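Listed below, chain by chain, are the residues.
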Amino acid sequence: MADSLFFPLAAKAPGDHSSFVFRNCPFPSRLLPSKPFPLHLNGSKNKLNVLALSQYSLVSLRYRVGPTPALDSDFPHPLHKGSVNFKSAKIYEQWDSLTAKFSGAANIPFLLLQLPQIILNARNLLAGNKTALFAVPWLGMFTGLLGNLSLLSYFAKKREKEAIAVQTLGVVSIYVVITQLAMAEAMPLPHFVGTSVVVGAGLILNFLNYYGKLNTTIWQFWEDFITVGGLSVLPQIMWSTFVPYIPNSILPGAIAFVLAVTAVIMARMGKLSEKGVKFVGAISGWTATLLFMWMPVSQMWTNFLNPDNIKGLSAFSMLLAMIGNGLMIPRALFIRDFMWFTGATWASLFYGYGNIVCLYFFNTISREFFLAATVGLFSWIGMALWRDTVVYGYNSPLRSLKELVFGS
């Protein structure tokens, strides 16, 4: 999932001393209760009420990131009273910080994954070999771009800055490739102009919303746009994978478009229940995730039909895809984001590692390469499960997975 942020603090009035806690409290803001504990000054202006601060610290220890039910994945982390042990608070905070860094580090393999294509396209353009760029399908690139934009909006709402960086990198790198395709006339100019408008608007709106400077109505319009776009594209891409074994048709996309528009209108008119509104709100994130999850299915289907094409796959690229998505698994598990965990795990196992397995069985890579990738991936996932169990003070990783899927 190519595809984690601090929670921006509201401005405090000069006389509001509770802002001291937000700046100096050793726990991340996501661990703090929604209503700040009142602090008062005793005697002089420079002396903080120690008793109040200690009481506040004890209260904050009872709060932690709550598991996010699948239906609520599109909403910011809920806070609830949990069972964080006082002695394990430091370990909890350290793992919170580490998982965020792992997620941010995913930018490195994803950047290395995109650069070779960008450099190759640039060389062909400079050499006047525009025909070579027609081998890159612009429609597929646009689909990936839409997926990245949807996930960017998803993570911006959840204030996951490292994941935002990953998705922003995905948007920018794909847009660079699309620009190269337009320069080679491999992509129609009107389509490129429309894509440019969507990309520019998407980046601006997401970052304005992240910093709390965007009108709610405008943001809702953008969410409706990516919801309709994502839900329309997903079934069409899935259908097109199996052409010519099934008839070539735009019917799946057209039906999904009508259903998406209807659902959005009903949600905005208040014709749906609270659960229905949540479902519509989660559509854009889930459709983007499913788009990325469909990529390995499409690739493996192609491998099955044309085994010789496997030789054209880059083992290094598949390894980078496996590593990039794998780095985000601990963070998704830690914050109990079922959607993110599903997409990252699926992409790491079935896209990255799955294609490595195919390459090995067709004798394209060495046994050592395959074994190293296998041991590395499953050791990493095992470590993430074990560490999460320790941090939360559970006896089994099954409880972490149960919370991940069903919530608390």
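Residues numbered from 1 in each chain as written. Predicted model: local features only at pLDDT ≥ 70, side-chain atom pairs only at ≥ 80, totals over all residues. Heavy atoms only, no water.

The name that an unreviewed UniProt entry assigns to the protein is Maltose excess protein 1, chloroplastic, with the source organism given as Theobroma cacao.

**Some remarks on the overall build of the protein**
A count of helical and extended segments in the protein gives 15 helices and two strands. Of the accessible surface of the protein, which amounts to about 20,500 Å², a share of 69% is contributed by carbon and sulfur atoms. (Helix = DSSP H or I, 4+ residues; strand = E, 2+ residues; numbered from the N terminus. Areas by Shrake-Rupley, 256 points an atom, 1.4 Å probe, with all protein chains shown as cover.)

**Some remarks on the UniProt feature "transmembrane region" (unreviewed entry) in the protein**
Under the local residue numbering, the UniProt record ascribes the feature "transmembrane region" (unreviewed entry) to residues 132–156, 163–183, 189–209, 245–267, 279–297, 309–328, 340–363 and 369–386. Along residues 163–183, the helical share is 100% and the strand share 0%, with 30 Å between the first and last C-alpha atoms. Secondary structure across residues 189–209 comprises 100% helix and 0% strand; the distance between its end C-alpha atoms is 30 Å. (UniProt positions renumbered as here; feature names shortened; annotations may be inferred.)

**Quick look at the packing of helix H11 (residues 315–326) against helix H14 (residues 367–392)**
Axis separation between H11 and H14 bottoms out at 11 Å; the angle between their running directions is 10°. The angle between H11 and H14 falls in the class roughly parallel. Residue-level inspection shows Ala 315, Leu 319, Met 322 and Gly 326 of H11 in contact with H14, the latter providing Phe 369, Ala 373, Leu 377 and Trp 380. Across the contact of H11 with H14, the residue classes tally to seven nonpolar, one polar and no charged. (Axes fitted to C-alpha atoms, helices over the stretch in contact; angles between N-to-C directions. Parallel < 35°, antiparallel > 145°, perpendicular 65-115°, else oblique. Contact = heavy atoms within 4.5 Å. Nonpolar A, V, L, I, M, F, W, Y, C, P; charged D, E, K, R; others polar.)

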